[in-house]
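Descriptive analysis of the structure
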Amino acid sequence: MTTQSQHWQTLWVNVNIATMTEGGNGYGEIKAGALAISDNKIVWLGKQSDLPDYDSDVVDVIDGQGKWLTPGLIDCHTHIIFGGNRANEFEMRLQGKSYQEIAEAGGGIVSTVKATRAASEDELFQSALTRLTALHQQGVTTVEVKSGYGLDVDTEIKMLKVAGRLAESLPVTVKRTFLGAHALPVEYKGNPDGYLDLVCEQMMPQIAEQSLADTVDVFCENIGFNLTQTERVFASAKKHGLAMKVHAEQLSDLGGTKLAAQYNALSSDHVEFLSEDGVKAMKAADMTAVLLPGAFYFLRETQLPPIAALREQGVPMAIATDANPGSSPICSLQLMLNMACTLFRLTPAEALAGVTCHGAKALGVSESKGQLAVGYDADIALWNISQPAELCYQFGVNPLMALYQNGKKAI
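Residues numbered from 1 in each chain as written. Predicted model: local features only at pLDDT ≥ 70, side-chain atom pairs only at ≥ 80, totals over all residues. Heavy atoms only, no water.

Things to note about the overall build of the chain
Secondary structure assignment for the chain yields 15 helices and 16 strands. Expected size for 411 residues packed as a compact globule is a radius of gyration near 22 Å; at 21 Å, the chain falls within 12% of this value. In terms of overall dimensions, the chain has a C-alpha envelope of 70 × 40 × 40 Å along the principal axes. Residues classed as buried in the chain amount to 59% of the 411 residues present. For the chain, the proportion of contacts with a sequence separation of at least 24, taken over those separated by at least 6, is 71%. (Helix = DSSP H or I, 4+ residues; strand = E, 2+ residues; numbered from the N terminus. Rg over C-alpha atoms; globule rule 2.2 N^0.38 Å. Buried < 20%, exposed > 50% of the residue type's maximum accessible area, 1.4 Å probe, protein only. Contact = heavy atoms within 4.5 Å.)

Here's what the structure looks like:
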């Protein structure tokens with residue numbers, strides 16, 4: 001027994017490993033591999049033939065049966081906490097109404113706000129737990145959860161507290177994002193600056209003081225907030241020491257991504273209308289582009305994100321469900337893998353990077369999650385597949401065999 005292995009707690013043998021350390025340029029494959037865990041971290045991985053001696057009476061040895069290990073999946077953009085549903089708007093869209101027309105008629109985000117304000121904390125928790133459980137059972141070990149359906153002090157705080165409860169209820173790492181600048185509530189109609197007074201001077205200080213969020217997000221769009229208003233939120237976030245991201249360039253090219261780059265935001269999300277200048281700004285600021293194929297599909301959009309330009313500039317592309325009641329009522333990251341390939345023409349390696357290493361980068365946790373590498377958190381999924389591309393190829397049949405989060409068996 002070597003000094004290196006004497007503190008190992010768990011050892012996977014007879015596995016193929018997709019380390020996802022190559023950023024979508026490949027899977028970082030280790031065939032016929034092994035992986036050791038100690039104190040919730042990965043402490044060794046490589047070819048099984050290169051394993052040092054270890055004491056099998058002390059180490060818990062798991063036979064991977066020749067299947068594949070990947071990092072636990074990361075869903076880096078969700079809105080899974082909300083009241084009610086918007087199936088009626090789904091019908092309206094099928095009858096020809098646009099997302100913008102529905103929003104302007106009092107539907108959209110505003111209708112969910114009404115239901116979310118009316119719901120108790122327990123009601124919001126129970127409905128969100130159902131959604132998070134669906135994601136978790138498909139291999140998700142880290143998820144971002146946004147507020148943004150309260151649009152008042154009490155409900156925004158209530159949503160972020162629910163997100164904290166979710167983290168205590170399932171073995172999933174929950175990153176919380178304050179999205180108070182999601183839409184204009186009806187009581188501030190025609191007065192966006194007055195509402196931003198509330199966001200920046202009342203909501204944000206309380207949320208920061210109570211450590212209820214890691215990040216601040218803004219919906220910078222024609223039906224959301226303009227550049228000047230968005231910058232005001234960013235300036236407040238910076239003042240309170242919170243990271244930033246932006247919903248931008250989903251419906252038009254307002255320049256929200258370029259503004260976010262000036263504030264060193266983690267990501268810009270949606271980006272269907274992102275310009276070449278915006279892509280270059282993202283690269284210069286080391287931002288991640290979060291692609292949301294579920295919303296693209298559900299809204300029957302036709303404007304594709306600038307995939308070629310993002311590739312050419314080397315901007316990391318993350319993939320997420322955007323799980324929400326209006327434009328992506330989908331709690332399947334496995335389905336997003338397929339959609340990213342079929343709708344956006346990503347390669348399977350790029351798509352899988354989007355829900356592992358690049359998803360981690362979009363959340364600011366790329367030094368500890370999203371890869372299978374020594375020193376990283378032992379968030380690990382075992383899949384009943386013969387090659388990594390199968391995770392993008394098929395959906396509806398869950399190939400997950402086992403899931404570990406922080407070195408402990410979760411499924």
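Regarding the UniProt feature "binding site: N-formimidoyl-L-glutamate" (unreviewed entry) in the chain
Under the feature "binding site: N-formimidoyl-L-glutamate" (unreviewed entry), the UniProt entry names Tyr149, Asn324 and Gly326. Spanning 178 residues, the named residues form one tight spatial group whose C-alpha atoms are at most 11.5 Å apart. Looking at the secondary structure, you find Tyr149 in the loop between β7 (140-146) and α5 (153-169). On the basis of relative accessibility, which here comes to 2%, the residue Tyr149 falls in the buried class. (UniProt positions renumbered as here; feature names shortened; annotations may be inferred.)

Things to note about the nonpolar core
Counting 100 residues, the largest nonpolar core has Ile81, Phe178 and Leu291 as its most contacted members. Residue contributions to this core peak at eight residues, all from helix α6 (residues 192-209). The residues that make up this core include at least three from each of domain 1 (10-71 + 371-409) and domain 2 (73-363). (Core = buried A, V, L, I, M, F, W, Y, C linked by side-chain atoms within 4.5 Å. Domains from an automatic or database assignment.)

Description of the packing of aromatic side chains
A complete count under the given rule lists nine aromatic pairs for this structure. Judged by centre distance (5.1 Å) and plane angle (75°), the rings of Phe296 and Phe344 are edge-to-face. With Phe296 in helix α10 (residues 293-298) and Phe344 in the loop between α12 (333-342) and α13 (348-354), this pair connects stretches of sequence that are 48 residues apart. Phe344 shares its class with Phe296; the two are buried. Through pairs of rings, three or more aromatic residues link up here, namely Trp8, Trp44 and Tyr54. Seen from the ring of Phe82, Arg131 lies directly overhead, with NZ or CZ sitting 3.6 Å from the centre. In this structure, Arg165 is placed above the aromatic ring of Phe125, and the distance from its NZ or CZ to the ring centre is 4.2 Å. (Phe/Tyr/Trp six-rings, centres within 6.5 Å; stacked < 30°, edge-to-face > 60°. Lys NZ or Arg CZ within 6 Å of the ring centre and 35° of its normal.)

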